[in-house]
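Read off the chains here:
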Amino acid sequence: MSERTGRDCTYLLCKYVIELYRDIYLRHPTKSDVEQLYAAHQAKHGFPGMLGSIDCTHWKWENCPNAWRGQFMQGDHGVPTLILEAVVSQDIWFWHPFIGDGIYPEYATIVKSYSFPTDEKRKLFKLEQESARKDVERAFEVLKQKTIEEEGKAICSYTGNDILNPPVVIQVGSPTYFSRVLEIQNRETHHNLRHDLTDHIWERQFLGQNDNEDEEDEGGDDEADGVSDDNDDE
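About the cut-offs
- Residues numbered from 1 in each chain as written.
- Predicted model: local features only at pLDDT ≥ 70, side-chain atom pairs only at ≥ 80, totals over all residues.
- Heavy atoms only, no water.
- Salt bridge = Lys/Arg side-chain N within 4 Å of Asp/Glu carboxyl O.
- Helix = DSSP H or I, 4+ residues; strand = E, 2+ residues; numbered from the N terminus.
- Buried < 20%, exposed > 50% of the residue type's maximum accessible area, 1.4 Å probe, protein only.

Draft legend 1. Quick look at the pattern of salt bridges. Applying the stated criterion across every chain yields a total of 11 salt bridges. Note that D8 and R4 form a salt bridge whose closest N and O atoms lie 4.0 Å from each other. With D8 and R4 both in helix 1 (residues 3-25) and four residues apart, the pair spans about one turn of that helix. Taking relative accessible area as the criterion, D8 reaches 38% and is therefore assigned partly exposed. The exposure class assigned to R4 is exposed, which follows from its relative accessible area of 59%. A salt bridge links R187 to E106, with the shortest nitrogen-to-oxygen separation between them at 2.5 Å. With R187 in helix 5 (residues 187-233) and E106 in the loop between strand 3 (94-99) and helix 3 (120-144), this residue pair connects regions lying 81 residues apart in the sequence. Residues participating in the shared-partner salt-bridge network are D55, R133 and E137.

Written as C-alpha cells, this is what we have:
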C-alpha cells in the first residue's frame, strides 16, 4: 500500500467514525451534562464544580517509524510510546483525550494536589484529590484492555432534544484570545481555588462527624425512652 493510499484510508476511517458517533460519543457537553457531572462528582468525591479528572498514560506505539524511535523512547518503558492525556468523568467517559505532554499545569481550571503537604488539612486534601483521580486511572486501564462495553451507567445521557453548546470560535492572536489565555493560566486563581477547596474538604469532614454524632444521640434517646416504657409496663 502506498503512503498516499494509507493516508486516504485513514482519513476516510476517521471521517466515518465521526459521522457515526458524533452526536452521542464525540459531542461537546451540554448544559444539562455539566449540571449532572457537577452533582455526580460532588456526591462521589465531595468536590463542588468538578467536571472530571485529568491524568496521562504512556501508550505503546507499535508502528512507530524507525527514524522516530529514539525521539519517543522512554527509559522505563523500553518501547516507543505516546503520552495520552485525558479528562474523564467518574463513569469513565472520555470527554477530552489528546496526545501531548506537560501534565498538571497551574491553570485556573485544574486543581493540583500538594506535593509535600505540611499540615493535616492539606494531607486530607491530598488524599481526597488522589482518590478522585482514580477515576481517570481506572479509565486508562479499561481503555488498554481494548474492550469497552456500554453498561448503561453513564452519568449523562443524550437525546435528540438536547441543545448542544457550539464551541466559541476565537481567532488566534486576537485580543480576546490573549485575554482568555491569561485568564486560564492565572496562577493566583489556581492557588486560590485549591485553598478554597482545601478548606471545603476539611470542613466537610467535621460536618459529617457532627451529623454522625447527632444520629448517635438521637439513637441513644430512643433507646432510653424504650427502657422507660418497659419500666412503666412493669
